[in-house]
Amino acid sequence: MIPKFDRITIIGLGLIGSSIARAIRKAEAAKHLVAMDRDKAVRERVMELGLADEVTGDAAQAVKGADLVILCVPVMANAALGAAIGPHLSPGAIISDVGSVKGSVVRDIAPHLPEGVHFVPAHPVAGTEHSGPDAGFAELFVNRWSILTPPPETAPVAIARVRALWEAMGANVEVMTPEHHDLVLAITSHVPHLIAYNIVGTAADMEKVTESEVIKFSAGGFRDFTRIAASDPTMWRDVFLTNKDAVLEMLGRFSEDLLALQRMIRWGDGDGLHALFTRTRAIRRGIIASGQETAAPDFGRPHPPLPEAKKNQ
Ligand code: NAP
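Anyway, here's the lowdown on the structure attached to this text. (Residues numbered from 1 in each chain as written. Predicted model: local features only at pLDDT ≥ 70, side-chain atom pairs only at ≥ 80, totals over all residues. Heavy atoms only, no water.)

**Things to note about the overall build of the protein**
Inference 1: When you go through the protein residue by residue, the secondary structure sums to twelve helices and nine strands.
Inference 2: Judged by the C-alpha coordinates and their principal axes, the protein covers about 70 × 55 × 40 Å.
Inference 3: When each of the 313 residues of the protein is scored for burial, the buried share is 40%.
Inference 4: Looking at the protein alone, contacts between residues at least 24 apart form 74% of all its contacts between residues at least 6 apart.
Inference 5: For the protein, the accessible surface area stands at approximately 17,600 Å², while carbon and sulfur atoms represent 58% of it.
Inference 6: Charge centroids of the protein, computed over 32 positive and 37 negative side chains, lie 5 Å from each other. (Helix = DSSP H or I, 4+ residues; strand = E, 2+ residues; numbered from the N terminus. Buried < 20%, exposed > 50% of the residue type's maximum accessible area, 1.4 Å probe, protein only. Contact = heavy atoms within 4.5 Å. Areas by Shrake-Rupley, 256 points an atom, 1.4 Å probe, with all protein chains shown as cover. Lys, Arg positive; Asp, Glu negative; His and termini not counted. Charge placed at Lys NZ, Arg CZ, Asp CG, Glu CD.)

**What to know about the pairing of strand 2 (residues 30-36)**
Inference 1: Summarising burial for strand 2: five of the seven residues are buried, a large majority.
Inference 2: Across six bridges, strand 1 (residues 5-11) lies against strand 2 in parallel orientation. Residue Thr9 lies in a different strand from strand 2, and its bridge partner there is Val34.
Inference 3: The handedness of the strand 1 to strand 2 crossover, carried by helix 1 (residues 15-27), is right-handed.
Inference 4: The sheet contact formed by strand 2 and strand 3 (residues 54-56) spans three bridges and is parallel. The partner of Val34 across the bridge, within strand 3, is Glu54.
Inference 5: In this view, the connection linking strand 2 to its parallel neighbour strand 3 by way of helix 2 (residues 40-49) has right-handed handedness. (Pairing = 2+ DSSP bridges. Right-handed = clockwise from strand over helix to strand, strands pointing away.)

**A look at the site of the ligand**
Inference 1: Taken together, the neighbourhood of the ligand is formed by 25 residues, with Leu15, Asp37, Arg38, Val73 and Ser100 sitting nearest.
Inference 2: Ile16 places a polar main-chain atom, nitrogen or oxygen, 2.8 Å from an oxygen atom of the ligand.
Inference 3: Contacts to the ligand include Gly132, whose backbone N or O atom sits 2.9 Å from an oxygen atom.
Inference 4: Here the ligand, which alone exposes 900 Å², has 82% of that area covered by the protein.
Inference 5: Among the elements of the structure, helix 1 and strand 7 (122-125) are those that each provide at least two residues to the shell around the ligand.
Inference 6: Class assignment of the residues belonging to the shell around the ligand gives a composition of 13 nonpolar, nine polar and three charged. (Near = heavy atom within 4 Å. Polar contact = N/O pair within 3.5 Å; in protein donor to acceptor, adjacent residues only side chain to side chain. Nonpolar A, V, L, I, M, F, W, Y, C, P; charged D, E, K, R; others polar.)

**Remarks on the pattern of salt bridges**
Inference 1: Considering all chains together, one arrives at 17 salt bridges under this definition.
Inference 2: Within this structure, Arg223, Asp224, Asp298 and Arg301 form a network of salt bridges that share partners. (Salt bridge = Lys/Arg side-chain N within 4 Å of Asp/Glu carboxyl O.)

**As for the sheet that holds strand 4 (residues 68-71)**
Inference 1: Ordered by their spatial adjacency, six strands build an open sheet running 3-2-1-4-5-6, and the pairing between neighbours is parallel. Looking at the sheet topology across the chains shown, the edges are occupied by strand 3 and strand 6 (118-119).
Inference 2: Here four bridges tie strand 4 to strand 5 (residues 94-97), and the two strands are oriented parallel to one another. By the bridge assignment for strand 5, Leu68 is matched with Ile94.
Inference 3: Sitting on the sheet, helix 6 (residues 156-168) touches strand 1, strand 4, strand 5 and strand 6, and the angle it makes with strand 5 is about 50°. (Axes fitted to C-alpha atoms, helices over the stretch in contact; angles between N-to-C directions.)

**Some remarks on the layout of surface pockets**
Empty space among the atoms becomes visible once a probe the size of a water molecule is rolled across them.
Inference 1: For the second largest pocket, the calculated volume is near 200 Å³.
Inference 2: Around the second largest pocket sit Leu194, Ile195, Asn198, Ile199, Thr202, Ala203, Gly221, Phe222, Phe225, Leu251 and Phe254, which together line it.
Inference 3: Taken together, the elements giving at least two residues each to the lining of the second largest pocket come down to helix 7 (178-204), helix 9 (222-229) and helix 11 (244-266).
Inference 4: The leading source of residues in the lining of the second largest pocket is helix 7, at six residues.
Inference 5: In terms of residue class, the lining of the second largest pocket is made up of eight nonpolar, three polar and no charged. (1 Å grid on protein atoms, 1.4 Å probe; cavity = no way out; pocket = protein on both sides within 12 Å on 5 of 7 lines; lining within 4 Å. Points joined across faces, edges and corners; volume = space filled by probe spheres on them.)

**Description of the packing of helix 7 against helix 9**
Inference 1: The interhelical angle for the contact between helix 7 and helix 9, taken along N-to-C directions, is 115°, at an axis separation of 8 Å. Taken as a pair, helix 7 and helix 9 cross one another with a handedness that is left-handed. Across the interface between the two elements, His193, Ile195, Ala196, Tyr197, Ile199, Val200 and Ala203 of helix 7 pack against Phe222, Phe225, Thr226, Ile228 and Ala229 of helix 9. (Left-handed = near helix turned anticlockwise from the far one by under 90°.)

**Here we look at the nonpolar core**
Inference 1: By size, the foremost hydrophobic cluster in this structure holds 38 residues, and its most contacted members are Ile8, Ile10, Ile20, Ile24, Phe141 and Trp166.
Inference 2: Broken down by element, the residue count for this core peaks at six residues, all from helix 1.
Inference 3: Sequence-distant contacts of Ile20, that is, excluding residues within four places in its chain, are made with Ile10, Ile70, Cys72, Val98, Phe141, Trp166 and Met169.
Inference 4: If you look at the next biggest cluster of nonpolar residues, it comprises 30 residues, including Ala66, Leu81, Val105 and Phe119. (Core = buried A, V, L, I, M, F, W, Y, C linked by side-chain atoms within 4.5 Å.)

**Considering the packing of aromatic side chains**
Inference 1: Enumeration according to the criterion identifies two aromatic pairs in this entry.
Inference 2: Considering the side-chain rings of Phe141 and Trp166, the 5.1 Å spacing of their centres and the 85° angle between planes classify their relative orientation as edge-to-face. Highlighted residues: Phe141 in the loop between strand 7 and strand 8 (145-148) and Trp166 in helix 6, separated in sequence by 25 residues.
Inference 3: Directly above the aromatic system of Phe5 lies the positively charged group of Arg161, at a separation of 4.1 Å from the ring centroid. (Phe/Tyr/Trp six-rings, centres within 6.5 Å; stacked < 30°, edge-to-face > 60°. Lys NZ or Arg CZ within 6 Å of the ring centre and 35° of its normal.)

Okay, structure coming up:
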């Protein structure tokens, strides 16, 4: 049982915001849950789904009296929201977020926070390629990591309360600096998304291979990139523009390694290729062993039965 918050306000009821709302409901972590979204259709849907006790389109109104406010909007939307809600936050309130980049979020929100408000930025490393309130589900964070990046002056009690909330939603919690977070996520999340966007874009521009062939033969590997490349365009535009330095650093390393691979293929260095592919296989086994992925072949996709044998054959 976690110490309950009296009033939690979630701003932005998309995939992550609506998943948090559902998980908070299940964990009974708030006495009163307020949802704020700028889009009337989303607000109506949130009411229909019963995701909150109160739904509003007014950010200032939404945060009044809240002891926890969680911003769940694209990274570059945080600055304007921070400015809009800052003057209306109650003394002692905790403000958090879920942005995939932490350095820019800290820079954009911190200046708007009045004295006595605690800032505990967070990033749940969990998601899907879908968006909006219908895409969310309460179990999204179970056995996933949520990374907290509080400024050094944040009160430990505020960090402990946010940690307890994530744990109540099933997540594991780690604390690190925003700079370290952005470097780690550049290689584990941001560059892989860029590679997926790039390879799907390259295939779309091919002239000698038709689009229907790309789709027809996609099970050769391509389709697994398309899941990532179907992720929300606004969210990912913001990630690359705000984590520019770390992404460019990792892309530099990636390009060097790609050139080395190109060279191995050109010079027929089979041993080199085999050694690398053996190392990479071990990394996947490590991810499975840590419970971050299923061991089922082909990501556990169901395979249809064989066609019935034709009679009299
Ligand atoms: P989403 O499903 O597209 O939802 C985004 C929400 O933000 C919507 O409610 C949207 O409102 C609102 N919004 C967009 N622009 C806004 C603006 N300028 N001002 C106010 N509200 C705005 O996105 P999501 O996947 O939940 O992502 C939300 C945050 O979570 C992002 O910061 C992202 O980096 C982070 N995150 C995402 C994932 C993931 O895999 N998707 C994982 C971890 C963290 P409308 O309904 O009006 O568009």
